[in-house]
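Examining the three-dimensional arrangement
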Amino acid sequence: ELRRLLEQAEAATSRLAASAQDRAVEAYMRAVTGPAGMLVAAGSLEEAAVAAESLDALGDGDTHQLAQLAEERVRLAALRSEFRAAELDARRATADLDARSQDLSLLLADAGEEVLAAYQGLEAADDRYRQALTTLDQEERKRARLVGVEHWRPLVADYFPAGRVEEALRVMACESRGNPDANHPTSDAAGLFQFLAGTWAFASVQAGFGGASRYDPEANIAAAAWLVEYSIATRHPGGAWGHWVCQP
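The present account deals with the structure reproduced in this document. (Residues numbered from 1 in each chain as written. Predicted model: local features only at pLDDT ≥ 70, side-chain atom pairs only at ≥ 80, totals over all residues. Heavy atoms only, no water.)

1. Overview of the overall build of the protein
The criterion, for reference: The numbering of helices and of strands both runs from the N terminus, where a helix is a DSSP run of H or I of at least 4 residues and a strand a run of E of at least 2. For the exposure calls, accessible area comes from a 1.4 Å probe over protein chains only, and a residue counts as buried if that area is under 20% of its type's maximum, exposed if over 50%, partly exposed in between. Only the protein chains shown count as cover for residues, and the accessible areas themselves come from Shrake-Rupley with a 1.4 Å probe.
For the protein, the helix and strand inventory stands at ten helices and zero strands. For the protein, the sequential pattern of α-helices and β-strands runs α-α-α-α-α-α-α-α-α-α. The proportion of buried residues among the 248 residues of the protein is 38%. A total accessible area of about 14400 Å² is found for the protein, and carbon and sulfur atoms account for 55% of it.

Given below as structure tokens:
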């Protein structure tokens, strides 16, 4: 849509510029051949005289068209800037999708039957987890959404090495703001560390939480801690947090 608008604006600007140029030539000719004639001088004085006569020769319609051209050029510049920003966002999104797809392919290459079962049963696990939440659990989750990631610091400290606790909290803050019920608006990522379904199936099983829901805070944190160590051990090109968009 941006590309279409940009092409329309460029075409409109070209038409207005060509028309304005024709009008300017006409005005110049009227100034040169008009009753007042043209000042006979050289250099900048001659140019100034012609310019002044040309402007005087422009009619209301001509000045209106020049104003339109100026407005269209401003609009075109804004559209070009917006289009460049959109192109950059699209390239970043594509690169992120490619990286995530590659990560998932590597993970699933080592997947066993338990991982496959966890992947296929993920939706059911989420439903069971939500149904099992007590009123007290739901109140705690509400408080967590208000407090943010600090609510989960003790649990993060239980699963992450001391040197990575702050990193983990920063990534969590970026991914979900500490909301255990967070869902990504454009993907199937969910939970505190926003696990995609395929990555979750692998990491949760390896972390000892096979069959758990991504909305389970402890399972989510434990799986994230395992995946960070796995990334370090396998020398992930993105580093310890290479499986996440958010970085510490």
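There's more to say after this.
2. Describing the state of the cysteines
Inclusion rule: Disulfide: a pair of cysteine sulfur atoms within 2.5 Å of each other.
Counting across every chain of the model gives one disulfide. Covalent S-S linkage joins Cys174 and Cys246, the inter-sulfur distance amounting to 1.9 Å. Where Cys174 bonds to Cys246 through sulfur, the torsion about that S-S bond is close to -65°, and the disulfide is left-handed. Here Cys246 lies in the segment after helix H10 (217-233) and Cys174 lies in helix H8 (residues 165-175), a separation of 72 residues in the sequence.

3. Digging into H8
At 3.6 residues per turn, the α-helix brings residues three or four places apart onto the same side. Threshold: Note on contacts: a residue pair is in contact if any heavy atoms of the two residues lie within 4.5 Å.
Listed as buried for H8 are Val165, Glu167, Ala168, Leu169, Val171, Met172 and Glu175. Here the buried face of H8 lies against helix H7 (153-159) and H10. Downstream of H8 by one or two residues, Arg177 has phi in the positive range, about 60°.

4. Description of the packing of aromatic side chains
Selection rule: Think of it this way: a Phe, Tyr or Trp ring, Trp meaning its six-membered ring, pairs with another when their centres are within 6.5 Å, and the plane angle makes it stacked under 30 degrees, edge-to-face over 60, tilted otherwise.
By the definition in use, this model includes eleven aromatic pairs. Summarising the aromatic geometry, the rings of Tyr159 and Phe209 are spaced 6.5 Å apart at their centres and angled 70° between planes, so their arrangement reads as edge-to-face. Of this pair, Tyr159 sits in helix H7 while Phe209 sits in the loop between helix H9 (197-206) and H10, placing them 50 residues apart in sequence. By relative accessible area, Tyr159 is classed as partly exposed at 31%. On the basis of an interplanar angle of 75° and a centroid distance of 5.9 Å, the ring pair of Phe195 and Trp244 is categorised as edge-to-face. Here the residue Phe195 occupies a position in the loop between H8 and H9, and Trp244 occupies one in the segment after H10, the gap between them amounting to 49 residues.

5. A word on the nonpolar core
Filter applied, for reference: Working definition of a nonpolar core: buried Ala, Val, Leu, Ile, Met, Phe, Trp, Tyr and Cys residues. They are joined through side-chain atoms within 4.5 Å.
One finds Val156, Phe160, Phe193, Phe195, Ile221, Trp241 and Trp244 to be the most contacted residues of the largest nonpolar core, which totals 38 residues. Contributions of two or more residues to this core are made by helix H4 (113-120), H7, H8, H9 and H10. With nine residues, H10 is the largest single contributor of residues to this core. If we ignore the near neighbours within four places in the chain, the residues touching Ile221 are Trp152, Leu155, Val156, Tyr159, Phe160, Met172, Leu192 and Phe193. Core analysis: the next-biggest nonpolar cluster, separate from the first, contains five residues, Leu6, Ala9, Leu76 and Leu79 among them.

Without other data, these values stay purely geometric and don't point to any function.
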